[in-house]
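What the coordinates show
The residues making up each chain are set out below.
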Amino acid sequence: MQLTPEMKAQINEQKKNCVYCKITSKEISAKTAFSDNKTEAVLDIYPVVKGHIVYFLKEHYPITPYIPPEDSRHFFGLIPQLCKQIQKGMVTVGMNVLISSGNAAGQLVPHVLVHLLPRDEGDGFYHFMLKKTTALSLEKRNIFQQYFPLRMSSYFKDNSASWHHGSGDIPEFLTDIYQRNTVIYEDEKLVCIIPEKGAVEGHLEIYSKTEQSSISKLSIVDSIHLFSTASLASSLVFEAVGAQGTNIILKSGKSDDNPQGRLSIHILPRFFDDKLKELTWEQKQPSYNLDGIYTKIKDAMWPVKYVEPKELPEMISQKDSQPNPPVNSQINVQSNSPVNYQKQSSFDKGQEKYTGSDQHEERSSSKRKQNHHDEIREAIDRLKQ
Ligand SMILES: [Zn+2]
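Residues numbered from 1 in each chain as written. Predicted model: local features only at pLDDT ≥ 70, side-chain atom pairs only at ≥ 80, totals over all residues.

1. A few points about the overall build of the chain
The condition is simple: Helix and strand definitions follow DSSP, with helices as H or I runs of at least four residues and strands as E runs of at least two, each counted in order from the N terminus. We call two residues in contact whenever the C-beta atoms placed from their backbones are within 7 Å.
Check the secondary structure of the chain and you find 9 helices and 12 strands. Contacts in the chain between residues far apart in sequence, at least 24 positions, make up 76% of those at least 6 positions apart.

Quick look at the structure:
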């Protein structure tokens, strides 16, 4: 998606007060555990679990659809290696990856962040329990079943992948998932389902077909595809239920909220007054010293390296892109810092609005995608009548 001059001006304005941009430029000091030419990972000084890492792109993007393909691949592709080394440093079996979009979902800074949370059984972290009690209406179910495959087919047209030919096989470890839930999309690497009952209406789940339990075992290509699909699912959920934000929560390995230790991604629409308040947490000073943990994680990070995959999709170059057609969906992101990096910045600018839409827009597909947006809205409007 190419940014309009207005969007660029807005982003430049945000950058001036962005804590994460200041960390990257070393204006604010932070406990940097990993850094390369495009990305940085720092220890959160208000950790919700021991070893809580915040991972971000050095370039400022307010929400994931703004991230250009090259940066997106690098950013998403490194997540398994980072998780592996954090788990090695912290000696844990479980892991959560959290991406929040919009104030309603707990995104407080307009700079895309990925929270990496090492987890263990009995670690006292209960924010991701996800009590599944809500069934999705048949009408909304139909919308997801109809539009998710269309979105993915658009995605593959823009990002042709040598490995992709169709829906792939069903691995044995996922047979129960297929039996109990409604499959709305699948390919060789993953399956997306509507759970029998969700934590809220519009809750979707994605399972990897190449790995049963551990995010750290995913290849760079598989990780790029998994998180790109999760981002598309997040946009679709956002529009289909008219949400004010979304959370993407990945669970991996055993923890109290993931007793089977399964690898899964949960896409959750969020509203300011929803019942998922437990997904966010208060920032608190840790009762323990962070330096020891910082050293352990930093020392484990040396093998982490992004290598552009050989079977890379032929990405559309940015210069061929056209401005993204406007969509109605808007995500509010408040310009407050979620973490205090020693220096407090003047970061209280009130609310700003950002237009959300799909990733990887380009000339040939922008009209097609606009049609999809319109069709979804029309379908939703019909339901309301
Ligand atoms: Zn920034």
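2. Concerning unusual backbone geometry
Note the threshold: Partly exposed residues are those whose C-beta has more than 12 but fewer than 20 other C-beta atoms within 10 Å; 20 or more makes a residue buried and 12 or fewer makes it exposed, with C-beta atoms placed from the backbone.
At Lys26, a residue that is not glycine, the phi angle is positive and equals roughly 65°. Among the secondary structure elements, Lys26 is positioned in the loop between α2 (19-24) and β1 (32-35). For Val91, which is not a glycine, the phi torsion comes out positive at approximately 55°. Val91 gets classed as exposed once you count the C-beta atoms within 10 Å, which come to 10.

3. Quick word on the packing of helix α3 (residues 69-77) against helix α7 (residues 220-240)
Quick note on the threshold: The axes are straight lines fitted to the C-alpha atoms, using for helices just the contacting stretch, and the angles between their N-to-C directions are given from 0 to 180°. Throughout this description, any angle smaller than 35 degrees is read as roughly parallel, any larger than 145 degrees as roughly antiparallel, any in the 65 to 115 degree range as roughly perpendicular, and the remainder as oblique. Any residue that is not Ala, Val, Leu, Ile, Met, Phe, Trp, Tyr, Cys, Pro, Asp, Glu, Lys or Arg is counted as polar, Gly included; the first ten are nonpolar and the last four charged.
Look at α3 against α7: their axes get within 8 Å of each other, and the N-to-C directions meet at 110°. Judged by the inter-axis angle, α3 sits roughly perpendicular to α7. Each of Ser72, Arg73, Phe76 and Gly77 in α3 lies in contact with α7, whose residues at this interface are Ile220, Ser223, Ile224, Phe227 and Ser228. Residues belonging to the contact of α3 with α7 are distributed by class as follows: 4 nonpolar, 4 polar and 1 charged.

4. Some points on the sheet that holds strand β8 (residues 204-208)
We apply this condition: In this scheme, strands are said to pair when DSSP sees at least two bridges between them.
Spatial strand order, β1-β2-β3-β5-β4-β9-β10-β8-β7-β6: 10 strands in an open sheet with antiparallel pairing. Of all strands in the sheet, those with a lone pairing partner are β1 and β6 (182-186), marking the two edges. Across the sheet, the mean angle separating the axes of adjacent strands is 20° when strand polarity is ignored. In this sheet, strand β3 (residues 53-57) lies alongside strand β2 (residues 39-43) in antiparallel orientation, the contact comprising 5 bridges. Each bridged residue has a counterpart across the sheet, and for Leu43 the counterpart in β3 is Ile53. Against the sheet, helix α8 (residues 290-300) makes contact with β1, β2 and β3, and its axis sits at roughly 145° relative to β2, the strand it touches most.

5. Things to note about the environment of Trp163
Its location among the elements puts Trp163 in the loop between α5 (138-158) and α6 (175-180). As a C-alpha pair, Trp163 and Asp187 span 24 residues in sequence and 9.8 Å in three-dimensional space.

6. Brief notes about the environment of Gly94
One can find Gly94 in strand β4 (residues 94-101). Ignoring any residue separated from it by four or fewer positions in sequence, one finds Gly94 in contact with Arg119, Asp120, Ser252, Gly253, Lys254, Ser255 and Asn258.

7. Overview of the pairing of β6
Examined bridge by bridge, β6 and strand β7 (residues 190-194) share 4 bridges and lie antiparallel to one another. Pairing of Tyr185 across the sheet is with Cys192, part of β7. The turn joining β6 and β7, which pair antiparallel and follow one another in sequence, is formed by 3 residues.

8. Describing the packing of α5 against α7
Any two packed helices are characterised by the angle at which their axes cross and by the distance between the axes. What counts is decided by this rule: Each helix crossing is assigned a hand: it is left-handed if the near helix lies turned anticlockwise from the far helix by less than a right angle, otherwise right-handed if that turn is clockwise.
With their axes 10 Å apart at the nearest point, α5 and α7 run at an angle of 140° to one another. In terms of orientation, α5 lies oblique with respect to α7. In terms of crossing hand, the pair formed by α5 and α7 is right-handed. On α7, the residues touching Lys140, Ile143, Phe144, Tyr147, Phe148, Arg151, Met152 and Tyr155 of α5 are Leu232, Leu236 and Ala240.

9. Notes on the pairing of β2
The element β2 is extensively covered by neighbouring structure, given that 4 of its 5 residues are classed as buried. Following β1, the chain reverses through 3 residues before pairing antiparallel with β2.

10. Points about the nonpolar core
Applicable threshold: Each nonpolar core reported here comprises buried Ala, Val, Leu, Ile, Met, Phe, Trp, Tyr and Cys residues connected via C-beta atoms within 7 Å.
Ranked by size, the top nonpolar core spans 87 residues in total, and within it Ile53, Ile79, Leu82, Leu116, Cys192, Ala233 and Val237 carry the most contacts. In terms of residue count, α7 provides more of this core than any other element does, 12 residues in total.

Function cannot be read off these values alone, since they describe shape.
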